[in-house]
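# A structural walkthrough
Now for the letters of each chain:
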Amino acid sequence: MTLNSKIPAGQIDAKWTTYKSTCKLVNPANKRQLEVIVIGTGLAGASAAASLGELGYKVKTFCFQDSPRRAHSIAAQGGINAAKNYQNDGDSTYRLFYDTIKGGDYRAREGNVHRLAEVSANIIDQCVAQGVPFAREYGGLLSNRSFGGTQVQRTFYAAGQTGQQLLIGAYQALERQVALGNVTQYSRHEMLEVVMVDGKARGIIARNLVTGELERHFGHAVLLCSGGYGNVFYLSTNAMGSNVTAAWKAHKKGAYFGNPCFTQIHPTCIPVSGDHQSKLTLMSESLRNDGRIWVPKKQGDNRKPNDIPEEERDYYLERRYPAFGNLVPRDVASRAAKERCDAGYGVGASKQAVYLDYASAIERYGKVEANKLGLENPSKEKITELGKGVVEAKYGNLFEMYEKITGENPYEVPMRIYPAVHYTMGGLWVDYELQTTVPGLYALGEANFSDHGANRLGASALMQGLADGYFVIPYTLGNYLADDIRTKSIPTDHPAFVAAEKEVSDRINKLMSIKGTESVESFHKRLGKIMWDKCGMARNEKGLKEAIEEIKALRKEFWSNVRIPGDINEFNPELDKANRVADFLELGELMCIDALNRNESCGGHFREEYQTEDGEALRQDDKYMYVAAWEYKGESQYELHKEELNYEVVHPTQRSYK
């Protein structure tokens, strides 16, 4: 089956305008009769719920945290992209669109990406109006910095905590709607099933995580804004609670899963320090603005970094990619770090790290400051002191975090970094309207697959989450609900709700009855190791085939030997975790199937058999220029549907950052 993406006809820059002018509308009195469920309260969920509440819909939001403000969006550090061209350096809507398509290695859909680039500028205005404290230049204008995969400065930021500040803005908008009675917020509730009535999504079954009680909730439409599935790898930069459950339950009810194997590995994370770790910490990509990445020129060099003279250092990104240098996209920077470490040039105790060095930035900024102060022949110490002040103003909280975790002062010794799992470009397949293959079921933000192709450029996740919630879904959802104004609320004693609740209840009882000997965590850890080793930064046919069999065996063992203490009808985090890991054990297999099926390298999907002579990703456009959308057909059974990608505006070429 070929999937219909519902991209409007016409010129690329007129599609969204035409859509908005011609889509169906719901009048204000009818909006009050329509109920919408929003799962997740991160940037996509909070912005969608606030916008829909403002329009007059009756909205219910659900999050498994104790407050919407704890959504994992708060962890985003470096910034949010928008084509404002404040720097007057040649940016434009088209260039943001082009960079995103190229950054995704020509595996994203043009229509969606152009719309994202168009609405990006509005997001900044919206957030400034909400009081988001973006960094500003001396004269009061909003400041921008560079991010990977671009040659312009288009990233707006709030120190190293952009995600948190944007979420507080969206949260305020959400809470205003809660106070007005337009939105009802359910914290500590986890969605465990989609309820289908006559082929449409009409509600959810949620578990109250405090009491263990199952609840039924009706909605004319259900919006999944539940984030990505990077925690399938166990170690990732995601919050411990981040999971795939909401999306996976939707998948098993008929929503196709798009490009599950497209995982983003972030090049600048604090390296793994031992087997005791449960998560990894990201060092923002913004640090690559001023930091220089290097390894010693000779293998196994055990000297301290500051003892290695300049001429004995290999600034390998600047050497291999002179046009972009340290600001190549994430997949390119990650593979380059892996290549150096695998070749024996890694640093630190594990030898699985490279240096990110701020010495030359501190010196450069120090000299500028000294000039400003009119200091003639300032001492080296004075230059360093002034330079550190500038770096602290830009990146202070990131440096502080690094020092807390590693015990080393990054102002004085280079940071050690290594790639780690970060974002997932795959997700539920959606059309231009953000609707999945299940009518009435939508996916926004990282939960869908739509805008980033095979690799996301840094600072584009916040942009997509807020674009979907503030500017896209209010139009596209209305287009669907306009046909639903005669549908009365369906009572939750309807047989479909009863059956869905029984499904959830049976699954929980089955998990609790296993009474095995191994903890949930140990299964998760073992799954993560298989995924990282065989479906991580590099993949090959043999490894993927092994991984599929290993995951099947591990899943079998999980369902016969997992140990979950406690009871069902109480606060039981181990049971919550078991539910999520059970879903990861199914998703992991599909990711490997997808990776095995895609016989090419593109973006974050690097098949060792498909690479150029100098180790770059080698696409096969004649065979794989499509979105892989998988339909669930039963345990270990998936059917592939393809959405052909047509490039009318940007013509795919071998991606080069040299």
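Quantities reported herein were computed from a predicted structural model and do not represent experimental measurements.

Rules and cut-offs
- The numbers attached to residues start from 1 for each chain and follow its sequence in the written order.
- Per-residue local features are limited, in this predicted model, to residues with pLDDT of at least 70; the limit for side-chain atom pairs, both in listing and counting, is 80 or more; totals at the level of whole chains, interfaces and linings are taken over all residues.
- Values shown for side chains rest on all heavy atoms present in the structure; no hydrogens or waters enter the calculation.
- The helix count covers DSSP runs of H or I at least four residues long, the strand count covers runs of E at least two residues long, and both are numbered beginning at the N terminus.
- Each radius of gyration reported is based on C-alpha atoms, and the globular scaling rule is 2.2 Å times the count of residues to the power 0.38.
- Three labels apply to residues, based on accessible area from a 1.4 Å probe with only protein chains included: buried if under 20% of the type maximum, exposed if over 50%, partly exposed otherwise in between.
- Any two residues whose heavy atoms approach within 4.5 Å at even a single point are treated as in contact.
- The charge count includes Lys and Arg as positive and Asp and Glu as negative, but it does not include His or the ends of the chains.
- Note on charges: their place is set at NZ of Lys, CZ of Arg, CG of Asp or CD of Glu.
- Should DSSP find at least two bridges between two strands, the strands are regarded as paired.
- For helices, the fitted axis covers only the stretch in contact; all axes are lines through C-alpha atoms, and the angles between them, taken along N-to-C directions, range from 0 to 180 degrees.
- The cut-offs work like this: below 35 degrees is roughly parallel, past 145 is roughly antiparallel, 65 to 115 is roughly perpendicular, and the gaps in between are oblique.
- Under the scheme applied, nonpolar residues are Ala, Val, Leu, Ile, Met, Phe, Trp, Tyr, Cys and Pro; charged residues are Asp, Glu, Lys and Arg; polar residues are all the others, including Gly.
- Residue ranges labeled as domains rest on an automatic or database domain assignment.
- Once two parts are joined, some of their accessible surface, as seen by a 1.4 Å probe, is lost; buried area is that loss totalled over both.
- Any carboxyl oxygen of Asp or Glu within 4 Å of a side-chain nitrogen of Lys or Arg constitutes a salt bridge here.
- Here a polar contact means two N or O atoms within 3.5 Å. Within protein one must be a hydrogen donor candidate and the other an acceptor candidate, and residues neighboring in sequence count only if both atoms are side-chain atoms.
- Residue types Ala, Val, Leu, Ile, Met, Phe, Trp, Tyr and Cys, when buried and joined through side-chain atoms within 4.5 Å, form a set referred to as a nonpolar core.
- Classification of ring pairs rests on two measures: the distance between centres of Phe, Tyr or Trp rings, Trp counted by its six-membered ring, which must be within 6.5 Å, and the angle between planes, read as stacked under 30 degrees, edge-to-face over 60 and tilted in between.
- In this scheme, Lys NZ or Arg CZ marks a charge over a ring once it lies within 6 Å of the ring centre and within 35 degrees of the ring normal.
- A helix is expected to reach a length of 1.5 Å times the quantity of its residues less one.

## Some thoughts on the overall build of the protein
A count of helical and extended segments in the protein gives 17 helices and 22 strands. Against the compact-globule benchmark of 26 Å for 658 residues, the protein has a radius of gyration of 24 Å, which places it among compact chains. Its C-alpha atoms give the protein principal-axis dimensions of about 80 × 55 × 50 Å. Across the 658 residues of the protein, 60% fall into the buried class. For the protein, the proportion of contacts with a sequence separation of at least 24, taken over those separated by at least 6, is 74%. For the protein, the distance from the average site of its 80 positive side-chain charges to the average site of its 83 negative ones is 1 Å.

## Some remarks on the pairing of strand S16 (residues 415–424)
A large share of S16 lies buried, amounting to 9 of its 10 residues. Note: strand S12 (residues 263–269) against S16, 5 bridges, orientation antiparallel. Paired with Gln264 across the bridge in S16 is Tyr423. Here 3 bridges tie strand S15 (residues 354–357) to S16, and the two strands are oriented antiparallel to one another. The partner of Leu356 across the bridge, within S16, is Met415.

## Structural notes on the packing of helix H10 (residues 359–372) against helix H11 (residues 380–406)
Look at H10 against H11: their axes get within 7 Å of each other, and the N-to-C directions meet at 105 degrees. Overall, the two elements H10 and H11 adopt an arrangement that is roughly perpendicular. Packed against H10, whose contacting residues are Ile362, Glu363, Tyr365, Gly366, Lys367, Glu369 and Ala370, the element H11 presents Ile383, Thr384, Leu386, Gly387, Lys388, Val390, Val391 and Lys394 at the interface. Taken together, the residues that form the contact of H10 with H11 break down as 7 nonpolar, 3 polar and 5 charged.

## Overview of the sheet that holds strand S1 (residues 35–39)
Taken in spatial order, the 5 strands make up an open sheet running S6-S2-S1-S10-S18, and their pairing is parallel. Only two strands of the sheet have a single neighbouring strand rather than two, namely strand S6 (183–186) and strand S18 (441–443). Taking each pair of neighbouring strands and ignoring which way they run, the sheet shows an average axis angle of 20 degrees. Bridge analysis of strand S2 (residues 58–62) against S6 gives 4 bridges, and the strand direction is parallel. Looking at the pairing, Val59 lines up with Val183 of S6. The strands that helix H3 (residues 43–55) touches are S1, S2, S6 and strand S10 (221–224); relative to S2, the one it contacts most, it runs at about 165 degrees.

## Things to note about the domain arrangement of the protein
Size of an interface: often given as the accessible area lost when the parts come together. Structurally, the protein comprises domain 1 (267–421) and domain 2 (495–617). Here domain 1 and domain 2 have C-alpha centroids that lie 34 Å from each other. In total, about 840 Å² of surface goes out of reach between domain 1 and domain 2, with carbon and sulfur atoms giving 57% of it. By the criterion of area lost to domain 2, the three top residues of domain 1 are Asp331, Arg335 and Lys338, representing 50% of everything that side buries. Across the domain 1-domain 2 interface, the total number found is 1 salt bridge. A salt bridge links Arg320 to Glu616, with the nearest nitrogen and oxygen atoms 3.2 Å apart. On inspection of domain 1 and its partner domain 2, the count reaches 5 residue pairs in polar contact (both at pLDDT 80 or more). Mapped by element, the contributors of at least two residues to the side of domain 1 that touches domain 2 are helix H9 (330–345) and S16. At 4 residues, the largest contribution of residues to the side of domain 1 that touches domain 2 is made by H9. In terms of residue class, the side of domain 1 that touches domain 2 is made up of 4 nonpolar, 3 polar and 5 charged.

## Quick notes on the nonpolar core
Ile80 and Leu223 are the most contacted members of the largest nonpolar core, which has 182 residues in total. Split by domain, the residues of this core number at least three in each of domain 1 (267–421) and domain 2 (495–617).

## Points about the sheet that holds strand S14 (residues 313–314)
If you walk across this open sheet you meet the 5 strands as S12-S16-S15-S13-S14, and the pairing is antiparallel. Unpaired on one side and paired on the other, S12 and S14 mark the two borders of the sheet.

## Brief notes about the packing of aromatic side chains
One pass over the structure, following the stated rule, counts 25 aromatic pairs. For the ring pair Phe399 and Tyr411, a centre distance of 4.6 Å and an interplane angle of 40 degrees mean the geometry is tilted. One end of the pair, Phe399, is in helix H11; the other, Tyr411, is in the loop between H11 and S16, and 12 residues separate them in sequence. Since its relative accessible area comes to 0%, Phe399 is described here as buried. Here the guanidinium or amino end of Arg292 rests over the ring plane of Tyr315, the centre of that ring lying 3.8 Å away.

## What to know about H10
The end-to-end C-alpha distance of H10, which contains 14 residues, comes to 20 Å, matching closely the 20 Å that a straight helix rising 1.5 Å per residue would cover. Elements that come into contact with the buried residues of H10 comprise H11.

## What to know about the side chain of Lys84
Along the polypeptide, Lys84 turns up in the loop between strand S3 (80–81) and helix H4 (93–103). Separated by 3.4 Å, the side chain of Lys84 and the backbone oxygen of Ala121 make a polar contact. Side-chain polar atoms of Lys84 contact the side chain of Asp125, separated by 2.7 Å. Not counting the four nearest positions on each side in its chain, Lys84 is found in contact with Asp91, Ala121, Ile124, Asp125 and Phe156.

## Section: the pairing of strand S22 (residues 637–644)
Here strand S21 (residues 626–634) pairs with S22 via 8 bridges, running antiparallel. Counterpart to Tyr632 in the pairing with S22 is Tyr638. Count of turn residues in the S21/S22 antiparallel hairpin: 2 residues, of which Ser636 carries a positive phi of about 60 degrees.

## Some details on the packing of helix H13 (residues 495–513) against helix H16 (residues 573–597)
If you want to describe how two helices pack, look at the angle between their axes and the distance between the axes. It is the contact of H13 with H16, at a shortest axis distance of 11 Å, that shows an interaxial angle of 110 degrees. On the basis of the axis angle, H13 is roughly perpendicular to H16. Packed against H13, whose contacting residues are Arg507, Ile508, Leu511 and Met512, the element H16 presents Leu575, Ala578 and Asn579 at the interface. Each residue belonging to the contact of H13 with H16 can be placed in one class, and the counts come to 5 nonpolar, 1 polar and 1 charged.

## Thoughts on the environment of Phe147
Within the element layout of this structure, Phe147 appears in the loop between strand S4 (145–146) and strand S5 (153–156). Judged by its relative accessible area of 3%, Phe147 falls in the buried class. Phe147 sits 43 residues away from Glu190 along the chain, and the two C-alpha atoms are 35 Å apart. Leave out the neighbours within four places in its chain, and Phe147 touches Gly78, Gly79, Thr155, Ser284, Glu285, Ser286, Leu327, Arg330, Gly458 and Ala459.

## Description of unusual backbone geometry
At Asn88, a position not held by glycine, the phi torsion is positive, near 60 degrees. Locating Asn88 in the fold gives a position in the loop between S3 and H4. Classification of Asn88 as exposed rests on a relative accessible area of 66%. Unusually for a residue other than glycine, Tyr234 sits at a positive phi of about 65 degrees. Judged by relative accessible area, Tyr234 falls into the buried class, the value being 8%.

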